[in-house]
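# Overview (structure and organization)
As a plain string of letters, each chain reads:
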Amino acid sequence: MAQDSKPVRDHAFDLVGTRPVRPDGVDKVTGRARFGADIQAPGMLHGLILRSPHAHARIRKIDTAKAAKIAGVKAIVTAKDLPDLTGGDAGLADILVNVMAREKALYEGHAVAAVAATNEAIANQALKLIAVDYEILPHVMDVVKAMEPDAPLLHEDMYTLNIEPRPAKPSNIAKRVEFVLGDVAAGFAKADVVVEREFTTQPVHQGYIEPHACVASVSEDSQAELWCTTQGQYIVRSFCAKLLGMDVSRLRVTASEIGGGFGGKTVVYVEPLALALSGKARQPVKMVMSRVEVFQASGPTSGAKVWVKMGATRDGKITAAEAVLKYQAGAFQGSPIQPGCMCAFAPYNLENVKVVGFDVVVNRPKVAAYRAPGGPISEYGVEAVMDELAQQLKLDPIEFRLKNAAQEGTKAAYGPKFGPVGLVQTLEAARAHPHYRAPLKANQGRGIASGFWFNIGGETCAALNVGEDGSITLVVGTPDIGGSRASLAMMAAEELGIALEQIRPIIGDTSALGFNFLTGGSRVTFSSGMAVVEAARDVIKTLRERAAKIWEIGVEDVAW
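Residues numbered from 1 in each chain as written. Predicted model: local features only at pLDDT ≥ 70, side-chain atom pairs only at ≥ 80, totals over all residues. Heavy atoms only, no water.

As a further point, take helix H13 (residues 423–432). All of the buried residues in H13 are Leu 423, Val 424 and Leu 427. The buried residues of H13 occupy an angular sector of 100 degrees when the element is viewed end-on, so they sit on one face. In H13, the exposed positions that point more than 90 degrees away from the buried face belong to Thr 426 and Ala 432. Where H13 is buried, its residues touch helix H12 (397–404). (Buried < 20%, exposed > 50% of the residue type's maximum accessible area, 1.4 Å probe, protein only. Helix = DSSP H or I, 4+ residues; strand = E, 2+ residues; numbered from the N terminus. Arc of directions from axis to C-beta. Contact = heavy atoms within 4.5 Å.)

Whether parallel or antiparallel, the strands of a sheet pair through hydrogen bonds between backbone atoms. The sheet built from three strands is open, its strands ordered E16-E17-E18 with mixed pairing. Strand pairing shows two members of the sheet lacking a second neighbour, strand E16 (462–466) and strand E18 (503–507), which therefore form its edges. Ignoring which end each strand starts from, the neighbouring axes of this sheet average 20 degrees apart. Note: E16 against strand E17 (residues 472–476), five bridges, orientation antiparallel. Note on E17: the bridge partner recorded for Ala 463 is Val 475. Contacts from helix H15 (residues 484–496) reach E16, E17 and E18 within the one sheet, and its direction differs from that of E18 by about 140 degrees. Seen against the sheet, helix H16 (residues 524–551) touches E16 and E17 and runs at an angle of roughly 35 degrees to E16. (Pairing = 2+ DSSP bridges. Axes fitted to C-alpha atoms, helices over the stretch in contact; angles between N-to-C directions.)

For the rest of this paragraph, the subject is the state of the cysteines. The full count for this structure, using the stated rule, is zero disulfides. Left unpaired, Cys 240 is separated from the closest cysteine sulfur, that of Cys 228, by 7.4 Å. The class for Cys 240 is buried, based on a relative accessible area of 0%. (Disulfide = S-S within 2.5 Å.)

Further remarks concern the pairing of E17. Put simply, side chains in a regular strand alternate between the two faces of the sheet. Within E17, four of the five residues are buried, which leaves the element mostly enclosed by the surrounding structure. The antiparallel hairpin formed by E16 and E17 contains five residues in its connecting segment, where Gly 470 sits at a positive phi of about 90 degrees. Bridge count between E17 and E18: five bridges; the pairing is parallel. Counterpart to Leu 474 in the pairing with E18 is Pro 505. Viewed along the sheet, the connection from E17 through H15 into E18 turns out right-handed. (Right-handed = clockwise from strand over helix to strand, strands pointing away.)

The following block contains the structure:
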């Protein structure tokens, strides 16, 4: 290394870009790796959830007396045993009511009670003895019908945001989003060809192989530990502490290996209930969703109604683009309508754009993130219209997109000007590929579509601990859902100039590091990677300083 802590390279990377054996590979192929449902604890109880059979029903009464008398039942929890967050933070209140229904069950599968017992059979027996008195209410599943003035109301206190003046009546429309650039009416007046189409998409579940699972242990002094399958142990800690009124410093959360997430394991479902049951029983409680429960009560992506209108001149220049997006949020507000509106026309350099979006509640499970949440839904409609425009203009679909592609400096309808954008190069590479000109056989097709996503950074910490033998323990706070331990270890070894085998990467629990944002948003290799590189450079700087003291020379005379 040169005479400072920042390496200067005159050669290609030694490790980055290679394909070494993954640090987690042996444990996973031998079955040694521990996923959420693999965690065990002494004296562990089994927790199960009673769920509503109705899509919309008022809960008049829950009687748990008979269930509580069964030998082996150690704890029962209903909404009465949890804090009442209504009137406070609306977002937290919604999360808690999604975890456990309070006044109403808002979708089939909505949790209404939870039981912890010495085994699953006893817990199941107890669930059957819990009597719930329901008043069945009209329900609405379709996003368009939910927006109608006479639709059944899920929340009597929901008034549409971003509309002036404030609506006089509540509705199922939680929020309206609008982005406008230029003048779409003038743009359509200049168009030689206009295509207007409507699309319907359905809720699609993430379909991760591993269901939600956790083990919670709350001790007599209220110190708590939680092991769970998650994309963000710090987010789980924050949610659970706030939902249950716990001191965050008393809750330690460890992320297990994760059997798929795709955005769907960035929220909490069973974790707060396991903690509440354990707090009552003063024994560890394990909860594992069945596959039916996963589909009934954990978030898919939104179903939607998408309307798109685009116009272009005969030479292939888009003159105007407009879209109306109606996204299902599930039983609680918070569909990815904002990114849907942002992404819709973002791949293109357009002067006249208007996008309007609606966040709409329906009697379905609350949606969760799923691979660029909101983007594929709106861009599906836009790209289908792009193809139809290209056909009517008799233009190659790649050529049509190249004529209108966003580039560095393009202003997005939602505000900023883009930095470096690789869309043109990507389209040119696809056009030049032999497969694009290869003849098609019967029953074969060839499709082209462009897309856009914005990365995020987020709070990230990493630590490098140097062992007495010169090996390195690399501690990161972002769960590994796609090989990040390998890439981060390679970055550390590259910076330090040592063999990859000398790096041992581990995912730390919430007591090991400062706060880390979750694994999602295409951020981990970028954000955690920067933290690891900076940590490695700090290690080099510190070791040079220590060597200088021992050798009684200047730091500038110590080379790495």
